[in-house]
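Survey of secondary and tertiary structure
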2 protein chains.
Amino acid sequence: MKRTTIHDIARELDVTFSTVARALNDHPAISVATKAAVLETAKRLNYQQNKLASSLRSGRTNVIGIIVPSLDTSFFSSVVHGIEKVMTDNGYSILLYQTGESLSQEQKGIDTFLQSRVDGIISSVSSEAEGAGFYEQICKRQVPLLFFDRAIGQLPVPSVTINDYQAGFVATEHLLQQGYRRIVHLTSDQDLTIFKERFRGYKAAMKQHGLPVPKKMTLKGRLSLEFGRASVQQLLDEKIPFDAVFAAEDYTAMGALQLLLEKGIKVPEQVGVMGFANEAFGAFVTPSLSTVDQQTVKMGEMTAQLFLKLIGEKDYYKAAQEHIVLDPILIPRASSLPK
Amino acid sequence: MKRTTIHDIARELDVTFSTVARALNDHPAISVATKAAVLETAKRLNYQQNKLASSLRSGRTNVIGIIVPSLDTSFFSSVVHGIEKVMTDNGYSILLYQTGESLSQEQKGIDTFLQSRVDGIISSVSSEAEGAGFYEQICKRQVPLLFFDRAIGQLPVPSVTINDYQAGFVATEHLLQQGYRRIVHLTSDQDLTIFKERFRGYKAAMKQHGLPVPKKMTLKGRLSLEFGRASVQQLLDEKIPFDAVFAAEDYTAMGALQLLLEKGIKVPEQVGVMGFANEAFGAFVTPSLSTVDQQTVKMGEMTAQLFLKLIGEKDYYKAAQEHIVLDPILIPRASSLPK
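Residues numbered from 1 in each chain as written. Chains lettered and ligands numbered in written order. Predicted model: local features only at pLDDT ≥ 70, side-chain atom pairs only at ≥ 80, totals over all residues. Heavy atoms only, no water.

An unreviewed UniProt entry annotates chain A as LacI family DNA-binding transcriptional regulator originating from Rufibacter glacialis.

So this is what it looks like as structure tokens:
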């Protein structure tokens, strides 16, 4: 697996490393004859010039790195499509890195991107408190950085997010309007503002209707189909009365829905179910799953447009920090519409 | 968005570019005092050394590039998870590039990876005939390359695939065993062996049961929910009698299933439906979707293991070419089980 390097070309021609490097970069100090010999040898040995090394000079690679927790969910893959579309139209290539919600993987991804000298990093973080340190390093190095969906508020980094407080509010309000009263909330145990805001919206809607939010009605865990199933099982085991489930994520809602149906509990007649994120499967299941849409493609496009605008500025980090906040859209479906 | 370059350090210290570059690479010709000054200045200016440039010498970045058509499907994201798990455990970082089945994007992804000097490329191609040219360049450059699921047969590249002929055969055989006779096949118009092989398996099973395969019973298009819907609509419009649909991909099967139900046609009683790829939603829909599982995580793990084994060889391309072929697993569900 030996690959041709500048050293191989230098050895072949019996010249110095520096001569070959400068010849490949068309340096004026190197004669036309030497350049021709270097190029001929490079071609013959199948040498591929490291454009990134030459980009040390221009500081440009036209590659953007995107960091996401996972591309398994419609949410992230759809936002990434929106970003890709706009960036590709503007001559950029996109590299993706999945963290799997792991901080060490996230740091590794950032290192890989910095080493590849990407022109910028667009990220949706795994943890705000713990991620702050290494994202701050990116700012210090003056590498353009932009957050989408999950941002770290205390850093001077532009962002595109949705109004998660409003999203939690309208989802809960919808359940209340349908007549549900004992609404359980299933949320994440991760340190992320998006989940805290959805939770805050849920509590505000309950309060507005004069309804209590006892602690046992909020369950926290790693959002997943399994967590949704386990949560409903726990509620049933502990005989906690409830007539609706609002999960902060669709797979969790799907798990809750599955277990309710398996236990012979009718959805939406006995228990209403509301998810979050408008995953593709939600429209296919029976009953179809009510959810909140986060305008994913639009979020991706606006993320890319904001990024392109800001890297056009003289100084990325001295430009006015912009924070775009999109509105959530309620998608009521059969799982929360009794009649 | 100015980033510190070697030039900035050189200017600051009033030395040449070459002196700074060599100092950063610990070149013996540079004095200890100069090295110390360069390092101090580099640190003060927040310069991040391009490890990739230094890796020109070692030829190692410990980064592997993966090229996939799309990460929207469970199939590819699940295989990638399998690859990532094994590669991460072995100290590699994974960069992903989505082609969206576009050849120009595929070429761009390969260029980006080569410029980043990845240690190797693992790819699932968009078109065999048209992709052969640029994948051949990767072999010529001696950059390790491995195909998974979709391979280009004429290139000397190892691969991990499934037996698609057998998969098409068992899927069709299952429908025949359930009593279906007029089985329609929905397949891709892409130039890919995987689809041709599934089609060949379908025809062989039909033939074994003495059944004809008239041309109008096979519809080709861009596999998608929309194509599945349009195909069933076309069959109904043209009054072509059929009692089962075998789609070469799950979203297409889902589209067919949706339209059948919308037209009041009972599944599986009147028409059976069989998909392919075991997408996550298949188990959630009603009736649940029969499909063929491709052992995705295992495919990913074996892909990574084969890759690691081969890059350990002296000469990647002179090592014996290995082609691992996995068996498909039939997953019969409600959509093809009348009774």
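From this point, the narrative continues.
What follows is about the sheet that holds strand S7 (residues 218-221) of chain A. Residue and element names in this part refer to chain A. The parallel open sheet is built from 4 strands, whose spatial order is S7-S6-S8-S9. The outermost strands of the open sheet, each flanked by one partner alone, are S7 and strand S9 (272-274). Strand-to-strand, the axes of this sheet are offset by a mean angle of 15°, without reference to chain direction. Direction of pairing for strand S8 (residues 244-247) relative to S9: parallel, over a ladder of 3 bridges. Directly across from alanine 244, in S9, lies its bridge partner glycine 272. Against the sheet, helix H9 (residues 193-208) makes contact with strand S6 (183-188), S7 and S8, and its axis sits at roughly 165° relative to S6, the strand it touches most. With respect to the sheet, helix H11 (residues 250-262) is in contact with S6, S8 and S9, its orientation differing from that of S9 by roughly 160°. (Pairing = 2+ DSSP bridges. Helix = DSSP H or I, 4+ residues; strand = E, 2+ residues; numbered from the N terminus. Axes fitted to C-alpha atoms, helices over the stretch in contact; angles between N-to-C directions. Contact = heavy atoms within 4.5 Å.)

In this section: empty space enclosed by the protein. The full count for this structure, using the stated rule, is 2 cavities of 30 Å³ or more. Considering only enclosed or pocket space, the second largest cavity measures out at about 80 Å³ in volume. (1 Å grid on protein atoms, 1.4 Å probe; cavity = no way out; pocket = protein on both sides within 12 Å on 5 of 7 lines; lining within 4 Å. Points joined across faces, edges and corners; volume = space filled by probe spheres on them.)

Now for the side chain of Thr19(B). All names here are of chain B. Mapped onto the fold, threonine 19 is located in helix H2 (residues 17-24). Side-chain polar atoms of threonine 19 contact the side chain of threonine 16, separated by 2.8 Å. With residues near it in sequence (within four places) discarded, threonine 19 still touches Ile30 and Thr34. (Polar contact = N/O pair within 3.5 Å; in protein donor to acceptor, adjacent residues only side chain to side chain.)

Right, let's talk about the packing of helix H10 (residues 225-237) of chain A against H11(A) for a bit. Residue and element names in this part refer to chain A. One can describe the packing of H10 onto H11 by two numbers: an axis separation of 6 Å at closest approach and a directional angle of 45°. In terms of orientation, H10 and H11 fall into the oblique class. As for how H10 packs across H11, the hand of that crossing is right-handed. The residues of H11 that touch H10, namely those facing Leu225, Phe227, Gly228, Arg229, Val232, Gln233 and Leu236, are Tyr251, Thr252, Met254, Gly255, Ala256, Gln258, Leu259, Leu260 and Glu262. Among the residues forming the contact of H10 with H11, the class breakdown is 9 nonpolar, 5 polar and 2 charged. (Parallel < 35°, antiparallel > 145°, perpendicular 65-115°, else oblique. Left-handed = near helix turned anticlockwise from the far one by under 90°. Nonpolar A, V, L, I, M, F, W, Y, C, P; charged D, E, K, R; others polar.)

Across the boundary between the two partners, chain B contributes 63 residues, which contact 62 residues of chain A. For the pair chain B and chain A, the summed buried area comes to about 5,700 Å², and 52% of that belongs to carbon and sulfur atoms. On inspection of chain B and its partner chain A, the count reaches 0 salt bridges. Linking chain B with chain A are 12 residue pairs in polar contact (both at pLDDT 80 or more), by the criterion used here. At the level of elements, helix H1 (6-13), helix H4 (51-58), helix H5 (74-89), strand S2 (93-98), helix H6 (103-115) and helix H11 (250-262) of chain B are the ones that each hand at least two residues to the side of chain B that touches chain A. Class assignment for the residues of the side of chain B that touches chain A results in 27 nonpolar, 22 polar and 14 charged. (Buried area = accessible area lost by both parts, 1.4 Å probe. Salt bridge = Lys/Arg side-chain N within 4 Å of Asp/Glu carboxyl O.)

For the rest of this paragraph, the subject is the sheet that holds strand S8 (residues 244-247) of chain B. Residue and element names in this part refer to chain B. Read across the sheet, 4 strands follow the order S7-S6-S8-S9 without closing on themselves; strand pairing throughout is parallel. Edge strands, defined here as strands with exactly one partner in the open sheet, are strand S7 (218-221) and strand S9 (272-274). Direction aside, neighbouring strands of the sheet carry axes that sit 15° apart on average. Sheet strands touched by helix H10 (residues 225-237): strand S6 (183-188) and S7. Its angle to S7, the strand with the most contacts, is close to 145°.

Okay, the side chain of Thr303(B) next. Residue and element names in this part refer to chain B. For threonine 303, the location among the structural elements is in helix H12 (residues 296-311). Classification of threonine 303 by relative accessible area gives buried; the value is 0%. Within the local environment of threonine 303, its side chain forms a polar contact with the backbone oxygen of methionine 299, the two atoms lying 2.6 Å apart. Each residue touching threonine 303, except ones within four places of it in the same chain, is listed here: Ile83, Ile122, Leu146, Phe148 and Val160. (Buried < 20%, exposed > 50% of the residue type's maximum accessible area, 1.4 Å probe, protein only.)

A separate point is the domain arrangement of chain A. It is common to give the size of an interface as the accessible area lost on bringing the parts into contact. Here chain A is described as being made up of domain 1 (6-49), domain 2 (63-161 + 296-326) and domain 3 (164-294 + 330-336). The centre of domain 1 of chain A, based on its C-alpha atoms, is set 38 Å off from the matching centre of domain 2 of chain A. (Domains from an automatic or database assignment.)

In this section: the relation of the copies chain B and chain A. With an RMSD of 0.3 Å, chain B superimposes on chain A once it is rotated by 180° and translated 0.1 Å along the axis. Interpreted geometrically, this transformation is the action of a two-fold axis. Looking at chain B, 97% of its interface residues are interface residues in chain A too, so the copies touch through the same face. (Least-squares fit on C-alpha atoms with pLDDT ≥ 70 in both.)

A few words on the environment of Val118(A). Locating Val118(A) in the fold gives a position in the loop between helix H6 (103-115) and strand S3 (120-123). With 25 residues separating them along the chain, Val118(A) and Ser93(A) place their C-alpha atoms 9.7 Å apart.

What follows concerns the packing of H1(B) against H2(B). Residue and element names in this part refer to chain B. H2 packs onto H1 with a crossing angle of 110° between their chain directions and a minimal axis gap of 8 Å. By the angle class used here, H1 and H2 are roughly perpendicular. Between H1 and H2 the crossing geometry is right-handed. Contacts between H1 and H2 involve Ile6, His7, Ile9 and Ala10 from the former and Phe17, Val20, Ala21 and Leu24 from the latter.

Evaluation of the coordinates by the stated rule reveals 24 aromatic pairs over all chains. Where Phe199(B) meets Tyr202(B), the ring centres are 6.1 Å apart and the plane angle is 20°; that geometry is what we call stacked. Note that Phe199(B) and Tyr202(B) are positioned in helix H9 (residues 193-208) at a spacing of 3 residues, about one turn of the helix. Across this residue pair, the class does not change: Phe199(B) and Tyr202(B) are buried. Each member of the aromatic cluster is reached from another via a ring pair, and the members are Phe75(A), Phe76(A) and Phe148(A). Directly above the ring of Phe199(A) sits Lys203(A), whose terminal nitrogen or CZ lies 4.2 Å from the centroid. (Phe/Tyr/Trp six-rings, centres within 6.5 Å; stacked < 30°, edge-to-face > 60°. Lys NZ or Arg CZ within 6 Å of the ring centre and 35° of its normal.)

This part takes up the environment of Ile152(A). All names here are of chain A. Following the sequence through the fold, isoleucine 152 ends up in the loop between strand S4 (145-148) and strand S5 (159-162). For isoleucine 152, a relative accessible area of 1% puts it in the buried group. A C-alpha to C-alpha distance of 8.0 Å links isoleucine 152 and glycine 131, two positions 21 residues apart in sequence. Sequence-distant contacts of isoleucine 152, defined by excluding residues within four places in its chain, comprise Val125, Ser127, Glu128, Gly131, Ala132, Tyr135 and Phe147.

Bringing the environment of Leu326(B) into the picture now. All names here are of chain B. For leucine 326, the location among the structural elements is in strand S11 (residues 323-326). Relative accessible area serves as the criterion here: at 5%, leucine 326 is assigned to the buried category. Here the alpha-carbon distance between leucine 326 and serine 127, two residues 199 residues apart in the chain, equals 21 Å. Discounting chain neighbours no more than four positions away, the residues touching leucine 326 are Val160, Thr161, Ile162, Asn163, Gln295, Lys298, Met299 and Met302.

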